[in-house]
Amino acid sequence: MTISELEETLKEEARLFLSRARGLRGPHTEDLFARRVYIGPEDVHVENYPRRPLAVFNPGAVLEGEVVHLFPRLVFEYYSYASAIGHASLPLKDLLAGRIPKPLPVRILLYPTELFEAVRGCEDARAHRREEGYALFYTGVGKLGDARNTDSKEVFTAILSLAEFDEAFQLKRKAPIRIGLSGEETGLALYLPTKNATFLEGDHVLLRPSLSGLPDLCWRGRLDPKTLKAYDLRPVLAPEAFEYKVGWSTNALRLPDGTYLVAYHGILRHDLSYRHGFMRLSPEGRPLGLSHYLLAPQGLAECYGDRPLTLYGNGLLLHGEELVFVGGVGDYAIGVFTAPLEEVLKRVVPL
């Protein structure tokens, strides 16, 4: 099998899924979430870089005991929109109550050092606590292959990447992720423009590769931890006729019964707004239930920004019986939203 045949295999899987998987959702929005706090660039101080950010948004989130770790995307100028990913921590109760240190100290953890990040840096972390420390899926926006060869088929812009840190947030490894049919080192693999990844149980993952000529779909698969090759990909969620595209929004949250809850986003065709619903999954990523939209931008603070009508989720936490959604607002600030878990699950209809 050649690289072209590998990509065509994935495309055929996507075409078959599209032919049968639409019509599960309508455009109905029922916003269940309370607005708890917004954190803007004026509210943070970056400790290890001499400039002040113009935007702080799209943060991954990890809850460790009573402390929440935030991994926001930082932009310091809009000429090339180059991004870094930082880290801040504070008690979750303080975050939910709006008791934010003034300013909130942030340290940059990820910034462009490699060719695959060299165009617009490091974007949109999905964060996980791992046995050895922390793992962040993120988008490296750069090039692959020969940086001088802009006509090469190996040149892309949005490359799904994984960064691993130790307990002290020291970087151990970061690298782009390839797509293949198996996880074997000798098997074929290709780089596809890919975003929106999160771990499930073990080596099972969610991700969203883009295939030329086809709408973006939400997929599940597996990730070999040594080769960083994603394989055994299967589509899970398709855009509806009223949507421009769909993607995974947050990390996948393990529920007490062993299933997982994850937010997805749809971009509506009629106004290009980002709206969020929820899907329930098995530990391997098989779909078990699906909701309509339960969170959407509203009001001046959420509808206006560098990117209007945009709420972009990255973090999903459970605090008692309360679901906590942490995301970006208008590509300029962080927003924290909460809803009763029971009310969200009531609207996740079994598939």
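Computed from a predicted model, the values in this text were never measured in an experiment.

Q: Whenever I open this one, helix H1 (residues 3-20) confuses me. Can you help?
A: Each α-helix winds once per 3.6 residues, and so residues spaced three or four apart point in a common direction. End to end, H1 covers 27 Å across 18 residues, agreeing with the expected 26 Å (1.5 Å per residue, within 8%). Among the residues of H1, those classed as buried are Leu6, Leu10, Lys11, Ala14, Phe17 and Leu18. Around the axis of H1, the buried residues are gathered within 135° of arc, so they sit on the same side. Exposed and facing more than 90 degrees away from the buried side of H1 are Ser4, Ser19 and Arg20. Among the structural elements, strand S11 (178-180), strand S12 (189-190), strand S15 (218-224) and strand S16 (229-237) are those in contact with the buried residues of H1.

Q: Please clarify how unusual backbone geometry should be interpreted in this entry.
A: Peptide bonds are trans in most cases, and residues, glycine excluded, mostly fall at negative phi. Following lysine 102, the chain continues to proline 103 via a peptide bond in cis, the omega torsion being 0°. Mapping proline 103 onto the fold places it in the loop between helix H2 (92-97) and strand S6 (104-110). Phi at phenylalanine 169 is positive, roughly 65°, even though this residue is not glycine. With a phi close to 60°, leucine 309 is a non-glycine residue in the positive phi region. Along the chain, the position of leucine 309 falls in the loop between helix H3 (299-303) and strand S22 (311-319).

Q: Would you explain the sheet that holds S22 in this entry?
A: Pairing between the strands of a sheet comes from backbone hydrogen bonds, and it takes one of two forms, parallel or antiparallel. Spatially, 4 strands are ordered S1-S24-S23-S22 in an open sheet, and the strand pairing comes out antiparallel. Both outer strands of the open sheet, strand S1 (34-39) and S22, are each paired with one neighbouring strand and no more. In this sheet, adjacent strand axes meet at a mean angle of 20° when their direction is disregarded. Alignment of S22 against strand S23 (residues 322-329), held across 8 bridges, turns out to be antiparallel. Opposite leucine 316, over in S23, you have phenylalanine 325 as the bridge partner.

Q: What is the right way to look at the environment of leucine 214 in this model?
A: Structurally, leucine 214 is set in the loop between strand S14 (204-209) and S15. The residues contacting leucine 214, other than those within four sequence positions of it, are Lys11, Ala14, Arg15 and Leu18.

Q: How do you make sense of the packing of aromatic side chains when you look at a structure like this?
A: Here the distance between the centres and the angle between the planes together describe a pair of aromatic rings. Per the stated rule, a full pass over the model turns up 11 aromatic pairs. Taking 6.1 Å as the distance between ring centres and 70° as the angle between the ring planes, the aromatic pair formed by phenylalanine 325 and phenylalanine 337 counts as edge-to-face. Pair noted here: phenylalanine 325 is in strand S23 and phenylalanine 337 is in strand S24 (residues 333-340), with a separation of 12 residues, a long-range link. As far as burial versus exposure is concerned, phenylalanine 325 and phenylalanine 337 are alike and both buried. In this structure an aromatic cluster arises from ring pairing among Phe33, Phe278, Phe325 and Phe337. We note arginine 129 situated over the ring of tyrosine 134; from NZ or CZ to the ring centre the distance is 4.6 Å.

Q: Whenever I open this one, the pairing of strand S21 (residues 287-290) confuses me. Can you help?
A: Alignment of strand S20 (residues 274-281) against S21, held across 3 bridges, turns out to be antiparallel. Bridge pairing links leucine 281 to proline 287 in S21. Where S20 folds back onto S21 in an antiparallel hairpin, the turn is made up of 5 residues, including glycine 285, whose phi is positive at roughly 100°. As defined by bridge partners, S21 adjoins strand S25 (residues 349-350) across 2 bridges and the pair is classed as antiparallel.

Q: Whenever I open this one, empty space enclosed by the protein confuses me. Can you help?
A: It is the rolling of a water-molecule-sized probe over the atoms that shows where space remains empty. One pass over the structure, following the stated rule, counts 1 cavity of 30 Å³ or more. The computed volume of the largest cavity comes to approximately 30 Å³. Residue lining of the largest cavity: Ala14, Pro209, Ser210, Leu211, Leu214, Pro215, Asp216, Leu217 and Trp219, and that is the complete set. Residue composition of the lining of the largest cavity, grouped by class: 7 nonpolar, 1 polar and 1 charged.

Q: Is there a simple way to think about the pattern of salt bridges in this case?
A: If you walk through the whole model with that rule in mind, you get 27 salt bridges. Of the charged contacts in the structure, one is a salt bridge between glutamate 123 and arginine 73, with a shortest N-O distance of 3.1 Å. Highlighted residues: glutamate 123 in strand S7 (residues 121-130) and arginine 73 in strand S4 (residues 67-75), separated in sequence by 50 residues. The buried category is assigned to arginine 73, whose relative accessible area is 4%. Several salt bridges share partner residues, and in doing so they unite Glu30, Glu343, Lys346 and Arg347 into one network.

Q: What should I look at first to understand the side chain of threonine 338 in this one?
A: Relative to the helices and strands, threonine 338 resides in strand S24. There is a polar contact of 3.4 Å between the side chain of threonine 338 and the side chain of glutamate 322. Aside from chain neighbours lying at most four places away, what touches threonine 338 is Leu32, Phe33, Ala34, Arg36, Leu96, Glu322, Leu323 and Val324.

Q: I tried to follow the sheet that holds S11 on my own but got confused; where do I start?
A: The 6 strands are arranged S12-S11-S16-S15-S14-S13 in an open sheet whose pairing can be described as mixed. Lying at the two open borders of the sheet, with one neighbouring strand each, are S12 and strand S13 (194-199). Pairing between S14 and S15: 4 bridges, direction antiparallel. The partner of histidine 204 across the bridge, within S15, is arginine 222. H1 rests against S11, S12, S15 and S16 of the sheet, and its axis sits at about 20° to S16.

Reading guide: rules and limits
Residues numbered from 1 in each chain as written. Predicted model: local features only at pLDDT ≥ 70, side-chain atom pairs only at ≥ 80, totals over all residues. Heavy atoms only, no water. Helix = DSSP H or I, 4+ residues; strand = E, 2+ residues; numbered from the N terminus. Expected span 1.5 Å × (residues − 1). Buried < 20%, exposed > 50% of the residue type's maximum accessible area, 1.4 Å probe, protein only. Arc of directions from axis to C-beta. Contact = heavy atoms within 4.5 Å. Pairing = 2+ DSSP bridges. Axes fitted to C-alpha atoms, helices over the stretch in contact; angles between N-to-C directions. Phe/Tyr/Trp six-rings, centres within 6.5 Å; stacked < 30°, edge-to-face > 60°. Lys NZ or Arg CZ within 6 Å of the ring centre and 35° of its normal. 1 Å grid on protein atoms, 1.4 Å probe; cavity = no way out; pocket = protein on both sides within 12 Å on 5 of 7 lines; lining within 4 Å. Points joined across faces, edges and corners; volume = space filled by probe spheres on them. Nonpolar A, V, L, I, M, F, W, Y, C, P; charged D, E, K, R; others polar. Salt bridge = Lys/Arg side-chain N within 4 Å of Asp/Glu carboxyl O. Polar contact = N/O pair within 3.5 Å; in protein donor to acceptor, adjacent residues only side chain to side chain.

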